[in-house]
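What follows is each chain in one-letter form.
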Amino acid sequence: MRVYAALAIFLLTATAAFATLTDDVRKSEIAFAKAFADHDQGAFFRFVLDDATFLAPRRTMAGKQAIIERWTRYFASPEPPFSWGPDRVAVNAAGTIAETAGPVYDADGHHIGNFNSVWVKQSDGTWKVLFDGPGSPAAVFAANATPVEESDVTADDGAKLHYKKAGNGPVTLIVPLSFIVYDDFRQLADIATVITYDMRGRGRSSTIKSLESVTI
């Protein structure tokens, strides 16, 4: 019985210690997000390790200085352009590394994506960010799915070229063979304007009446 009692005490103590670590990481993530919301640059960047790496959709920021240069612009706006908070926290068995994950919201409170961050416990017991980046995109429902424009344009020779247009990002992709590649390229519609079209004699475009009309 003494062995079982000792084991129970050990398990309860270990569980409590692990729960405390998880809570510490959660509080760190919340404080990190609050510093951003409060425009407190000093507090925000103190959570970032010197050798941290932040991932953006089209950019990788390696090192704290690069992160500061990129993120400082967000503090210049009157209101924070986005916010986030942890809904999952996991700590490794050694209690030295943790991961946080949760939703990201735009300024209007719309769920626009998710984040993942890796935290490392410091010698003084605090937690700091080593890696930060986007997780999976937000779920897309019919009510807020990317609108798709689909129509025809008339070429100089009178041929009708069928196209589909999705997204309104700053980068424009124009891709032929829409009837084959549209489903693959439309996944980029959250960061780009994607236009796919069918060439003459393909898909829903006009048939080829004369090879003389076929040029690059």
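Anything mentioned here points back to the structure above.
Enquirer: Summarise the pairing of strand E8 (residues 148-154); cite the residues concerned and give the values.
Expert: Sheet topology places E8 next to strand E9 (residues 160-166); 7 bridges connect them, and they run antiparallel. Its bridge partner being in E9, Glu 150 is matched across the sheet by Lys 164.

Enquirer: So, the sheet that holds strand E10 (residues 171-176): which residues are in play, and what are the values?
Expert: The sheet built from 4 strands is open, its strands ordered E8-E9-E11-E10 with mixed pairing. Bordering the open sheet on either side are E8 and E10, each of which pairs with just one other strand. If you compare each strand with its neighbour and ignore which way they point, the axes differ by 20 degrees on average.

Enquirer: Help me get a handle on helix H4 (residues 178-185), residues and values and all.
Expert: Within H4, burial applies to Ser 178, Val 181 and Tyr 182. Buried residues of H4 fall within an arc of 125 degrees about the axis and therefore sit on the same side. Opposite the buried face of H4, by more than 90 degrees, sit the exposed residues Ile 180 and Asp 184. Its buried side turned inward, H4 meets E8, E9, E10 and strand E11 (192-197).

Enquirer: Mind laying out the packing of aromatic side chains, listing which residues take part and the relevant values?
Expert: The way to describe two aromatic rings as a pair is by their centre distance and the angle between their planes. With the rule as written, the count across this model stands at 20 aromatic pairs. Plain terms: the ring middles of Phe 32 and Trp 84 are 5.8 Å apart, the flat faces sit at 70 degrees to each other, and that makes the pair edge-to-face. In this pair, Phe 32 is assigned in helix H1 (residues 2-37) and Trp 84 in strand E3 (residues 82-84), connecting sequence segments 52 residues apart. According to the relative accessible area criterion, Phe 32 is buried, its value standing at 2%. Seen in terms of ring centroids, Phe 44 and Trp 71 are 5.4 Å apart; in terms of plane orientation they differ by 25 degrees. Their pairing is stacked. Here Phe 44, found in helix H2 (residues 41-46), pairs with Trp 71, found in helix H3 (residues 64-76); they are 27 residues apart in sequence, far enough to count as distant. In terms of burial, Phe 44 and Trp 71 fall into one category: buried.

Enquirer: Describe the side chain of Thr 22, naming the residues involved and giving the relevant values.
Expert: Among the secondary structure elements, Thr 22 is positioned in helix H1. Discounting residues that sit within four places of it in the chain, Thr 22 has contacts with Val 89 and Val 91.

What counts and how
Residues numbered from 1 in each chain as written. Predicted model: local features only at pLDDT ≥ 70, side-chain atom pairs only at ≥ 80, totals over all residues. Heavy atoms only, no water. Pairing = 2+ DSSP bridges. Helix = DSSP H or I, 4+ residues; strand = E, 2+ residues; numbered from the N terminus. Axes fitted to C-alpha atoms, helices over the stretch in contact; angles between N-to-C directions. Buried < 20%, exposed > 50% of the residue type's maximum accessible area, 1.4 Å probe, protein only. Arc of directions from axis to C-beta. Contact = heavy atoms within 4.5 Å. Phe/Tyr/Trp six-rings, centres within 6.5 Å; stacked < 30°, edge-to-face > 60°.

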